[in-house]
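Residues per chain, in single letters:
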Amino acid sequence: MNVLSQILAGSTSLALISVGILEIFFHGDQRFHRIFLIRPEDVRAVRMWAMNVGAYNITFGLGIAVGLWLVNFSSSPASGSAIIIFCCSCHVFLGFWLWVTEKRLLVSAIGQSLFPALVIVFYVLLH
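Here the residue index of a chain counts from 1 through its sequence in written order. Local features are withheld for residues below a pLDDT of 70 in this predicted model, meaning they are given only at 70 or higher, and side-chain atom pairs are given and counted only at 80 or more; totals for whole chains, interfaces and linings count all residues. Hydrogens and waters are ignored; side-chain quantities use all the structure's heavy atoms.

A. The environment of Pro116, seen in detail. In DSSP terms, a helix is any run of H or I states spanning at least four residues, a strand is any run of E spanning at least two, and both are numbered starting from the N terminus. Residue placement: Pro116 occurs in helix H5 (residues 106-126). Relative accessible area serves as the criterion here: at 1%, Pro116 is assigned to the buried category. As a C-alpha pair, Pro116 and Ala50 span 66 residues in sequence and 22 Å in three-dimensional space. Pro116 has contacts with Thr12, Cys88, His91 and Val92, leaving out every residue within four places of it along the chain. Note on exposure labels: buried denotes an accessible area under 20% of the residue type's maximum, exposed denotes more than 50%, and partly exposed covers the range between, all computed with a 1.4 Å probe on protein chains only. Contacts between residues were defined by any pair of non-hydrogen atoms, one from each residue, lying within 4.5 Å.

Structure below.
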């Protein structure tokens, strides 16, 4: 996996872990309303969903981190590349799906899918 793809994958990993933490611990904080669209009266109703989506994001972020470790420090870098491409492909789709299900979250959808898409593009072009 080339350096550019690795940098973008690492950035994606950090972003997913950071957003996951926000979703788990701060989904009801109105300072993040623009990101989550959760009204104060709905916090209890969406708590389980927000916490699970946060855990998914952290898990995918850790998956990318493990993939990066395998690429750089294992005897099988192809397995690390496969993990990274899988996780990034999932987030390209999930970003698109976020936009399909909630048009007001276009910026979030782009944020979720742009770097993962670039990881894949640069991996294919520079492989």
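B. Quick peek at helix H3 (residues 43-73). Look at H3: 42 Å from first C-alpha to last across 31 residues, which is about the 45 Å you get at 1.5 Å a residue. Within H3 the residues assigned to the buried category are Ala50, Gly54, Asn57, Ile58, Phe60, Gly61, Gly63, Ile64, Gly67, Leu68, Leu70 and Val71. Those residues of H3 that are buried lie in contact with helix H1 (3-26) and helix H4 (77-101). By this rule the span expected of a helix is its residue count minus one, scaled by 1.5 Å.

C. Just the packing of H1 against H3, in detail. Convention adopted: a line fitted to C-alpha atoms gives each axis, helices being fitted over their contacting stretch, and angles between N-to-C directions are expressed from 0 to 180 degrees. Running from N to C, H1 and H3 point in directions that differ by 155°, and their axes come no closer than 7 Å. One way to sum up the angle between H1 and H3 is to call them roughly antiparallel. Of the two elements, H1 crosses H3, and the hand of that crossing is left-handed. In this classification, Asp, Glu, Lys and Arg are treated as charged, Ala, Val, Leu, Ile, Met, Phe, Trp, Tyr, Cys and Pro as nonpolar, and every other residue, Gly included, as polar. Residue composition of the contact of H1 with H3, by class: 17 nonpolar, nine polar and one charged. In this scheme, roughly parallel covers angles under 35 degrees and roughly antiparallel covers those over 145, while 65 to 115 is roughly perpendicular and the rest are oblique. Note: crossing handedness is left-handed where the near helix turns anticlockwise from the far helix by less than a right angle, and right-handed where it turns clockwise.

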